[in-house]
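Chain and residue survey
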Amino acid sequence: MNYIFWLSIIIILYCYIGYPLAVFLISLFYKQPVKRTYPYPTVSIVMAVHNEEKNIEKKMQSLLELDYPDTRIEILIGSDGSTDKTDEIADKFVNDRIKLYRLPQRKGKPSALNLLAGEAKGEILVFTDARQRLDKNSVDELVKNFADQKVGSVSAELFFEAEDNKTASGMGLYWNYEKFIRKYESKTGSMMGATGALYAIRRELFSKLPEDLILDDVYIPMKIMQRGYRAILDSKAKIYDRYSVSPKEEFLRKVRTLTGNFQLFIYHSWLMNPFKSIISWQFISHKFLRLAVPFLLILIFISNLYLLDKGLYRIFFIGQVFFYAFALIGLVFKHKNRIFDLPYMFCVMNVAAIVGLYRFITKKQGVLWEKNS
């Protein structure tokens, strides 16, 4: 039990502290600067939507306000079986460079993106979603990176606008931590995926997406890295989102994301050999081990019960009890408090991983995403 207890702790500490520290330290001695000049390549912005009547008009206004030459940009909207006023609203914006494609039967985002990518004429494909607001310079900043022939995918940096709720507090801490890792992964080579709200790729590097794919924003950059290109983060390209007001919706969103991560092990099995490349090491450290953490936590708790006859292990056990008690308090606490928010969000993430594994195994997580608010 000693070995199980300490090995589990070591793996978790490596996952959450050791790996981020490693990529940071590597960046101090080894960096891959990106050449950033590009004379306005043609751009195709592609956006798959479903029942987005609340967001589509503001999104289109955001796209029309981009600081990028009109003659060098087109906007392609794929309405995936929308049954509300999405098509009606989007149709008002249609012109020579804005096109709306109606998919009468809902098949999911991958099918819509496959259609749009096939219709796109731009040298650069820019992917975005309906809810988020783009900075005026975001697309311009993204495409400058493609002057570097080694770059195949570029992700914008996502900023969350303030919401006065507990979900925002906990997710804000997590997201800042996640951005730290992505930043230094990008500096030394490639980040593990992209920010789905806004990212760009070279059009010729787009591969047809499996129709059951859950995470296009990880699958696409990984396919590009497999071909020898870099997937980077550009902090100068900014996009803004809001946290879900509903903790339930945020939990379901996380379950869906983590289910998609399990699916990636099938589609990107080449990444599971840590000796094959530095990308494989990063993928295992950043993605795979995160999904193993909840099961390691269970092993720690159970093995700790068998070791309570020793004083040090009693201290560890009391610490675990307090940690999970704080998480429980955080579940019902109505005001922001990091003492409770950190344990609460940590537990939410790991419960979501267990649910995600169940949904992956039972195939209960479909490709269609249903919003709850």
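Residues numbered from 1 in each chain as written. Predicted model: local features only at pLDDT ≥ 70, side-chain atom pairs only at ≥ 80, totals over all residues. Heavy atoms only, no water.

Next up on the list: the packing of helix α9 (residues 278–305) against helix α11 (residues 338–362). Taken N-terminus to C-terminus, the directions of α9 and α11 make an angle of 100°; their axes are 9 Å apart at the nearest point. The orientation of α9 relative to α11 falls into the category roughly perpendicular. Two secondary-structure elements touch here, α9 through R290, L291, V293, P294, F295 and L297 and α11 through F346, N350, A353, I354 and L357. For the contact of α9 with α11, the residue count by class is nine nonpolar, one polar and one charged. (Axes fitted to C-alpha atoms, helices over the stretch in contact; angles between N-to-C directions. Helix = DSSP H or I, 4+ residues; strand = E, 2+ residues; numbered from the N terminus. Parallel < 35°, antiparallel > 145°, perpendicular 65-115°, else oblique. Contact = heavy atoms within 4.5 Å. Nonpolar A, V, L, I, M, F, W, Y, C, P; charged D, E, K, R; others polar.)

Right, let's talk about the sheet that holds strand β6 (residues 151–161) for a bit. Spatial ordering of the open sheet is given by β3-β2-β1-β4-β7-β6-β8-β5, a layout of eight strands whose pairing is mixed. Lying at the two open borders of the sheet, with one neighbouring strand each, are β3 (98–103) and β5 (133–134). Of the pairings in the sheet, the one linking β6 to strand β8 (residues 230–242) comprises 10 bridges and is parallel in character. Across the sheet, residue A156 finds its bridge partner in β8, namely D234. On the sheet, helix α2 (residues 56–64) packs against β1 (43–49), β2 (73–80), β3, β4 (124–128), β5 and β8 and is oriented at approximately 170° with respect to β1. (Pairing = 2+ DSSP bridges.)

Counting 41 residues, the largest nonpolar core has L125, F127, I201, F206 and I220 as the members making the most contacts within it. Of the residues forming this core, the biggest block, six residues, is contributed by helix α7 (residues 216–226). Ignoring any residue separated from it by four or fewer positions in sequence, one finds F127 in contact with V46, L113, G196, A197, L198, Y199, I201, F206 and I220. Core analysis: the next-biggest nonpolar cluster, separate from the first, contains 36 residues, A130, L134, A156 and L198 among them. (Core = buried A, V, L, I, M, F, W, Y, C linked by side-chain atoms within 4.5 Å. Buried < 20%, exposed > 50% of the residue type's maximum accessible area, 1.4 Å probe, protein only.)

To continue, consider empty space enclosed by the protein. In this approach, a probe sized like a water molecule rolls over the atoms, and the result shows the empty space that is left. Applying the stated rule across the entire model yields two cavities of 30 Å³ or more. In terms of lining residues, the largest cavity is bounded by L63, L64, L66, Y68, D70, I73, I75 and R97. Counting residues per element, the ones that place at least two in the lining of the largest cavity are α2 and β2. Residues that form the lining of the largest cavity fall into these classes: six nonpolar, no polar and two charged. Of the volumes computed, that of the second largest cavity is approximately 40 Å³. Every residue lining the second largest cavity is listed: V46, A48, K109, L113, F127, T128, D129, G196, Y199 and D216. Of all the elements in the fold, those that place two or more residues in the lining of the second largest cavity are β1, α4 (109–119) and β4. Partitioning the lining of the second largest cavity into residue classes produces five nonpolar, two polar and three charged. (1 Å grid on protein atoms, 1.4 Å probe; cavity = no way out; pocket = protein on both sides within 12 Å on 5 of 7 lines; lining within 4 Å. Points joined across faces, edges and corners; volume = space filled by probe spheres on them.)

Attention now moves to the state of the cysteines. Evaluated as defined, the whole model comprises zero disulfides. For C15, which is in no disulfide, the shortest distance to another cysteine sulfur is to C347 and amounts to 15 Å. Look at C15 and you get buried, because its relative accessible area is 1%. (Disulfide = S-S within 2.5 Å.)

With nine of its 11 residues buried, α7 lies for the most part within the structure. Residues of α7 that are buried: D216, D217, V218, Y219, I220, P221, M222, I224 and M225. Once α7 ends, the next one or two residues include G228, with phi positive near 95°.

With that settled, the discussion passes to the side chain of S62. Locating S62 in the fold gives a position in helix α2. Since its relative accessible area comes to 8%, S62 is described here as buried. Ignoring any residue separated from it by four or fewer positions in sequence, one finds S62 in contact with R133 and L134.

So, about the environment of N350. Locating N350 in the fold gives a position in helix α11. Expressed as a C-alpha distance, the spacing of N350 and A292, which sit 58 residues apart in the sequence, is 8.9 Å. Within the structure, N350 has its side chain in polar contact with the backbone oxygen of F346 (distance 2.7 Å). (Polar contact = N/O pair within 3.5 Å; in protein donor to acceptor, adjacent residues only side chain to side chain.)

Here the focus is the layout of surface pockets. Approximately 630 Å³ is the volume attributed to the second largest pocket. In terms of lining, the second largest pocket is formed by 23 residues, of which the most central are I12, Y16, L297, F323 and F346. Elements that contribute at least two residues to the lining of the second largest pocket include exactly α1 (2–29), α6 (166–188), α9, α10 (311–332) and α11. With six residues, α11 is the largest single contributor of residues to the lining of the second largest pocket. A breakdown of the residues in the lining of the second largest pocket according to their chemical character gives 18 nonpolar, three polar and two charged.

Before going further, it helps to spend a moment on the environment of S138. As for its position among the elements, S138 is in helix α5 (residues 138–144). A relative accessible area of 0% means that S138 is categorised as buried. For S138, the residues in contact, after removing those within four places along its chain, are L66, L198, A237 and K238.

Everything listed here is a matter of coordinates, which is why it stays silent on function.
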